[in-house]
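# Remarks on the overall topology
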Amino acid sequence: MKAVGTETRELIEQATERAARYLETLDARRVFPTAVAVGRLPELGGSLPADGAEPTQVLRLLDEIGSPATVATAGPRYFGFVTGGALPATLAANWLAGAWDQCAGLDVLSPVSSALEEISARWLIELFGLPPKCGVGFVTGATMANFTALAAARNAVLERAGWDVEADGLIGAPKITVIGGEEIHISVVKALGMLGLGRNRIVRVPAESQGRMRADLLPKIAGPTIVCTQAGNVNSGAFDPAKEICAVAHAAGAWVHVDGAFGLWAAAAPSRAYLVAGLAEADSWATDAHKWLNVPYDSGIAFVREDRHLKAAMSANAAYLVRGEKRDPNLFTPEMSRRARGVEIWAALRSLGRNGLAELIERNCRMAKRFAEGLKGAGHEILNDVVLNQVLVSFGSDATFSSNETTRDVIAALQAEGTCWCGGTVWHGRAAMRIAVSSWATTDEDVEQSLESMIRVAAGVKWTRK
């Protein structure tokens, strides 16, 4: 019988070979899987086997049936949701961290996990220009980052009103007013619901044509209040006027939270830094690392100006939890047990450096501009000011079909054609195709190839209707 170590090494080598082959063929495959590939997925099911299979057989099934049914979000021509690929260094770090199998809740459980989070937190704070003593929590994504930061906000505004929500809950607590823009993202709305603040109780502030909150239309603020702003509208890429909002909100004693799932990364790019003016004056921030930092899923980050507010909302203590002098990650996140997400974030920042990250963001923004110019030149209407990496396009109308119908048909045809993948949205009542450029792997050639496909497919849809 082979030694366990030898069997494990051979299995990992097979996994490495299969994974490398998957990545090497991404560029040549369809972005969305075929119906045949998706149709084979039930073969992975059936009744739970009485006897286990050999690990090599499990891996083979997973690769031969699972790999063809994946969406090529790790490839260069996925422009649907704001989904970055995984940088080579972060993928490798993810595999190594998987082998480590660390529980990143306590320093005593994993000194390396704790240290890498602390280093990454310091680098990120510097990169974003946030207050140096921010509390930082490494979580699953923007929804949980918003939840974590808004939990700290809830505690802080109630504390100022003389109420300890951690001890006494929300029943009987002073009312918290939540203010958000008309274009507030669903992840913030969901987080507010989970926190017991109500999805339907948000006081909505009108937005201007690009989706920016109108700071001049903020309602009168009194009592415990949280104002939710947005850095990077999910459709247009626009930023709420943070400086003006913070000035009004703070004058009335309100807390300002920034949902910056992808937009916060603009702070790392010199030519886009104007977009984040005033953001550092807020009280909390949320972002995703699996978007523009291009680390593997899942990875989100919550920042809170005063770490005591974050700790008050997140900490838990028991006699068996060994506390040392160093940073314990579970004091900053909802989870006690979790994987070591800081490993990949550290690897991304260490491999790119400040200049490499800036170049990545600038390049993606330039590519978004190229999409807009090319589509406009082909006679299609661009619906947003392309200030970041988001493009909204309408494919017009003809005498018989509405603009919305035509646009939806073009999106469906483009997705079926397979060269690239873009999603649909509704913008000011109009159907639009949404292009989000956020991958390190996308090249100028990929943009031109995708642009040609978009124009050709749109022309084909309109021709078939004549």
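Model, not experiment: these values are computed from the prediction.

## As for the pairing of strand β5 (residues 255-259)
Most of β5 sits out of view: five of its five residues are buried. On β5, burial covers both faces: Trp-255, His-257 and Asp-259 on one face and Val-256 and Val-258 on the other are all buried. Alignment of strand β4 (residues 225-230) against β5, held across five bridges, turns out to be parallel. When the sheet's bridge partners are listed, Gln-230 is paired in β5 with Asp-259. Running through helix α9 (residues 242-251), the crossover from β4 to the neighbouring parallel element β5 is right-handed. Here three bridges tie β5 to strand β6 (residues 284-288), and the two strands are oriented parallel to one another. Counted as the bridge partner of Val-258 is Trp-285 from β6.

## Observations regarding the sheet that holds strand β9 (residues 390-394)
Pairing is antiparallel in the open sheet, where four strands are placed in the order β8-β9-β11-β10. Bordering the open sheet on either side are β8 (381-382) and β10 (423-427), each of which pairs with just one other strand. Sheet topology note: the β8/β9 ladder contains two bridges and is antiparallel. Counted as the bridge partner of Glu-381 is Ser-394 from β9. Lying on the sheet, helix α12 (residues 403-417) is in contact with β9, β10 and β11 (430-436); it crosses β11 at an angle near 35°.

## Brief notes about a nonpolar patch on the surface
On the surface, Val-38, Leu-41, Leu-44 and Leu-61 cluster together into a nonpolar patch covering about 280 Å² of accessible area. If you trace the backbone, Leu-61 turns up in helix α3 (residues 55-66).

## Describing α9
Those residues of α9 lying buried are Ala-242, Ile-245, Cys-246 and Ala-249. Seen along its axis, α9 keeps its buried residues to an arc of 100°; they face one direction. Following α9 by one or two positions, Gly-253 adopts a phi angle in the positive range, close to 80°.

## Some points on α12
Compared with the 21 Å implied by 1.5 Å per residue over 15 residues, the 21 Å span of α12 between its first and last C-alpha is a close match. Ser-403, Thr-406, Thr-407, Val-410, Ile-411 and Leu-414 are the residues of α12 that are buried. With its buried residues spanning 135° around the axis, α12 presents them on a single face. One or two residues past the end of α12 sits Gly-418, with phi positive at roughly 95°.

## Overview of the pattern of salt bridges
Here the structure, examined in full by the defined rule, presents 29 salt bridges. For Arg-60, the salt bridge identified is with Glu-64, shortest N-O distance 3.1 Å. Here the residue Arg-60 and the residue Glu-64 both occupy positions in helix α3, the gap between them amounting to four residues, near one helical turn. Judged by its relative accessible area of 30%, Arg-60 is partly exposed.

## Topic: the environment of Met-194
Mapped onto the elements of the fold, Met-194 is located in helix α8 (residues 186-194). Of the residues examined, Met-194 reaches a relative accessible area of 41% and is grouped as partly exposed. The sequence separation of Met-194 and Glu-10 amounts to 184 residues, and the corresponding C-alpha distance is 45 Å. Excluding its chain neighbours within four sequence positions, the residues that come into contact with Met-194 are Thr-143 and Phe-147.

## Considerations on the nonpolar core
Judged by nonpolar contacts, the single largest core of 55 residues is most densely connected at Leu-124, Val-227, Trp-265, Leu-293, Phe-303, Leu-357 and Leu-388. Counting residues per element, the ones that place at least two in this core are α5 (111-128), β1 (135-139), α9, β5, β7 (300-304) and α11 (342-377). Residue contributions to this core peak at seven residues, all from α11. Contacts of Trp-265, omitting those with residues within four sequence positions, involve Leu-124, Leu-127, Phe-128, Thr-287, Asp-288, Ala-289, Trp-292, Leu-293, Leu-357 and Ile-361.

## A few points about empty space enclosed by the protein
One pass over the structure, following the stated rule, counts two cavities of 30 Å³ or more. Within this model, the largest cavity holds a volume of roughly 60 Å³. Lining the largest cavity are 13 residues, with Gly-181, Glu-183, Ile-184, Gln-230 and Asp-240 sitting closest to its centre. Here the second largest cavity is characterised by a volume of approximately 30 Å³.

## A few points about the packing of helix α6 (residues 142-160) against helix α10 (residues 307-314)
For any two helices packed against each other, the geometry is given by the interaxial angle and the distance between the axes. Two numbers describe how α6 lies on α10: the axes approach to 8 Å, and their chain directions differ by 100°. If you check the angle between α6 and α10, you find them roughly perpendicular. Residues Thr-148, Ala-151, Ala-152, Asn-155, Ala-156 and Glu-159 of α6 touch α10, and the partners they reach there are Arg-308, His-309, Leu-310, Ala-312, Ala-313 and Met-314. In terms of residue class, the contact of α6 with α10 is made up of seven nonpolar, three polar and two charged.

## What to know about the packing of aromatic side chains
A complete count under the given rule lists six aromatic pairs for this structure. An angle of 25° between the planes, with centres 6.4 Å apart, marks the rings of Phe-32 and Trp-421 as stacked. Note that Phe-32 is positioned in the loop between α1 (4-24) and α2 (35-39) and Trp-421 in the loop between α12 and β10, a separation of 389 residues in sequence. Taking the centre distance of 6.3 Å and the plane angle of 25° together, the rings of Phe-81 and Trp-421 count as stacked.

Scoring rules and cut-offs
Along each chain, the written sequence defines residue order, and numbers are assigned to residues from 1. Where local features are concerned, this predicted model is filtered to residues with pLDDT of at least 70; where side-chain atom pairs are given and counted, the filter is 80 or more; whole-chain, interface and lining totals use all residues. Side-chain numbers come from the whole structure's heavy atoms, not from hydrogens or water. For every residue, the accessible area obtained with a 1.4 Å probe (protein chains only) is divided by the maximum for its type, and the residue is called buried under 20%, exposed over 50%, and partly exposed between those limits. Working definition: helices are DSSP H or I runs of at least four residues, strands are E runs of at least two. Numbering for both runs from the N terminus. Strand pairing is assigned whenever DSSP detects at least two bridges linking the two strands. Handedness of a crossover is defined as follows: with both strands directed away from the viewer, a clockwise route from the first strand across the helix to the second makes it right-handed. When checking whether two residues touch, look at their non-hydrogen atoms; a contact exists if any pair is within 4.5 Å. Only the stretch in contact is used when fitting a helix axis, every axis being a line fitted to C-alpha atoms; angles between N-to-C directions are given from 0 to 180 degrees. Nonpolar side chains (Val, Leu, Ile, Met, Phe, Trp, Tyr) are joined into patches within 5 Å and like charges within 9 Å, using only residues with over 30% relative accessible area and no salt bridge. Per-residue and other accessible areas follow the Shrake-Rupley method at a 1.4 Å probe size, with only the shown protein chains counted as cover for residues. For salt bridges, the criterion is a side-chain nitrogen of Lys or Arg within 4 Å of an Asp or Glu carboxyl oxygen. Arc, as used here, means the arc of the directions from the helix axis to the C-beta atoms. Expected span of a helix, by definition, is 1.5 Å for each gap between consecutive residues, and there is one gap fewer than residues. Side-chain atoms within 4.5 Å link the members of a nonpolar core, which is a set of buried Ala, Val, Leu, Ile, Met, Phe, Trp, Tyr and Cys residues. The pocket and cavity definitions rest on a 1 Å grid over protein atoms only: a 1.4 Å probe that fits but cannot leave marks a cavity, an open set with protein on both sides within 12 Å along at least five of seven lines marks a pocket, and residues lining either have an atom within 4 Å of a point. Grid points are joined across faces, edges and corners, and a volume is the space filled by probe spheres set on the points. Should an angle lie under 35 degrees it is considered roughly parallel, over 145 roughly antiparallel, and from 65 to 115 roughly perpendicular; all remaining angles are considered oblique. Residues are grouped as follows: Ala, Val, Leu, Ile, Met, Phe, Trp, Tyr, Cys and Pro are nonpolar; Asp, Glu, Lys and Arg are charged; all remaining types, including Gly, are polar. Whether two aromatic rings pair depends on their centres lying within 6.5 Å, for rings of Phe, Tyr and Trp, where Trp uses its six-membered ring; planes under 30 degrees apart make the pair stacked, over 60 edge-to-face, and the rest tilted.

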